[in-house]
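Understanding the architecture of this molecule
Listed below are the residues making up each chain.
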Amino acid sequence: QVQLVESGGGLVQAGGSLRLSCAASGHTFSMYAAGWFRQAPGKEREFVAAVSPGGSLTPSADAVKGRFTISRDNGKNTVYLQMNSLKLEDTAVYYCAAIASGSFYSGRYEIAYWGQGTQVTVSS
């Protein structure tokens, strides 16, 4: 069993930065890939970025390439999402996820566990 707790969300002006953290409990977290997803009001949840179990592979959505960086520290059981040059359209609830590692490498991203989400609001 893995529990995920996100933090770091808040209100930021357009062009600003935030860093989200996702703290995981459970000694097996390093065996999972991890990812960030987001859901804006009235929209479906969408993929933002993911990181392989060892941290070397970090695919991301086109909408955030060059602005967001995902990373993980397995010693701290924590995944990060550094968000720079934030835009109004980045406003959403951001969710951390543990991803079955086999599905990560195939691009299917089967979610084993979700966090509760953290709100990110970008203002003009």
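Summary of the structure given here. Bear in mind that the values here come from a model prediction, so they are computed numbers and not experimental data.

1. Comments concerning the sheet that holds strand E3 (residues 18-25)
The strand order across the open sheet built from four strands is E1-E3-E7-E6, with neighbouring strands paired in antiparallel fashion. Strands with a single pairing partner mark the edges of an open sheet, and in this sheet they are strand E1 (3-7) and strand E6 (68-73). Across the sheet, the mean angle from the axis of one strand to that of its neighbour is 15°, orientation sign disregarded. In this sheet, E3 lies alongside E1 in antiparallel orientation, the contact comprising five bridges. By the bridge assignment for E3, Leu4 is matched with Ala24.

2. Let's talk about the packing of aromatic side chains
Tallied over the full model, the rule gives seven aromatic pairs. Arranged with centres 6.2 Å apart and planes meeting at 80°, the rings of Tyr95 and Trp114 form a pair that is edge-to-face. Separated by 19 residues along the polypeptide, Tyr95 in strand E8 (residues 92-99) and Trp114 in strand E9 (residues 111-114) bring together distant segments of the chain. Taking relative accessible area as the criterion, Trp114 reaches 37% and is therefore assigned partly exposed. Over the face of the ring belonging to Tyr95 we find Arg45, whose NZ or CZ atom lies 3.6 Å from the ring centre. Note that Arg45 overlies the ring of Trp114, its terminal NZ or CZ placed 4.4 Å from the centroid.

3. Some points on the pattern of salt bridges
One pass over the structure, following the stated rule, counts five salt bridges. A salt bridge links Arg108 to Glu110, with the nearest nitrogen and oxygen atoms 2.2 Å apart. Members of the salt-bridge network, linked through shared partners, are Arg38, Glu46, Arg67 and Asp90.

4. Quick word on the nonpolar core
In this structure, Leu4, Trp36, Leu81, Met83 and Tyr94 are the most contacted members of the largest nonpolar core, which totals 30 residues. Contributions of two or more residues to this core are made by E3, strand E4 (33-39), strand E5 (46-51), E6, strand E7 (78-83), E8 and strand E10 (118-123). In this structure Met83 touches Gly16, Ser17, Leu18, Leu20, Arg67, Phe68, Tyr94 and Val120, once residues within four positions along its chain are discounted. Counting seven residues, the second-largest nonpolar core is a separate cluster that includes Ala50, Ile99, Phe104 and Tyr109.

5. Digging into the side chain of Thr91
As for its position among the elements, Thr91 is in the loop between E7 and E8. A distance of 3.0 Å separates the side chain of Thr91 from the backbone oxygen of Leu88, its partner in a polar contact. At a separation of 2.9 Å, a polar atom in the side chain of Thr91 contacts the main-chain amide nitrogen of Val122. With residues near it in sequence (within four places) discarded, Thr91 still touches Ala40, Gln119, Val120, Thr121 and Val122.

6. With respect to unusual backbone geometry
Positioned with a positive phi, Asn77 is a non-glycine residue whose angle comes to about 50°. When you line up the elements, Asn77 lands in the loop between E6 and E7. With a phi angle near 50°, Tyr109 is a residue other than glycine that sits in the positive phi range. Mapped onto the elements, Tyr109 comes out in the loop between helix H1 (101-106) and E9.

What counts and what doesn't
Residues numbered from 1 in each chain as written. Predicted model: local features only at pLDDT ≥ 70, side-chain atom pairs only at ≥ 80, totals over all residues. Heavy atoms only, no water. Pairing = 2+ DSSP bridges. Helix = DSSP H or I, 4+ residues; strand = E, 2+ residues; numbered from the N terminus. Axes fitted to C-alpha atoms, helices over the stretch in contact; angles between N-to-C directions. Phe/Tyr/Trp six-rings, centres within 6.5 Å; stacked < 30°, edge-to-face > 60°. Buried < 20%, exposed > 50% of the residue type's maximum accessible area, 1.4 Å probe, protein only. Lys NZ or Arg CZ within 6 Å of the ring centre and 35° of its normal. Salt bridge = Lys/Arg side-chain N within 4 Å of Asp/Glu carboxyl O. Core = buried A, V, L, I, M, F, W, Y, C linked by side-chain atoms within 4.5 Å. Contact = heavy atoms within 4.5 Å. Polar contact = N/O pair within 3.5 Å; in protein donor to acceptor, adjacent residues only side chain to side chain.

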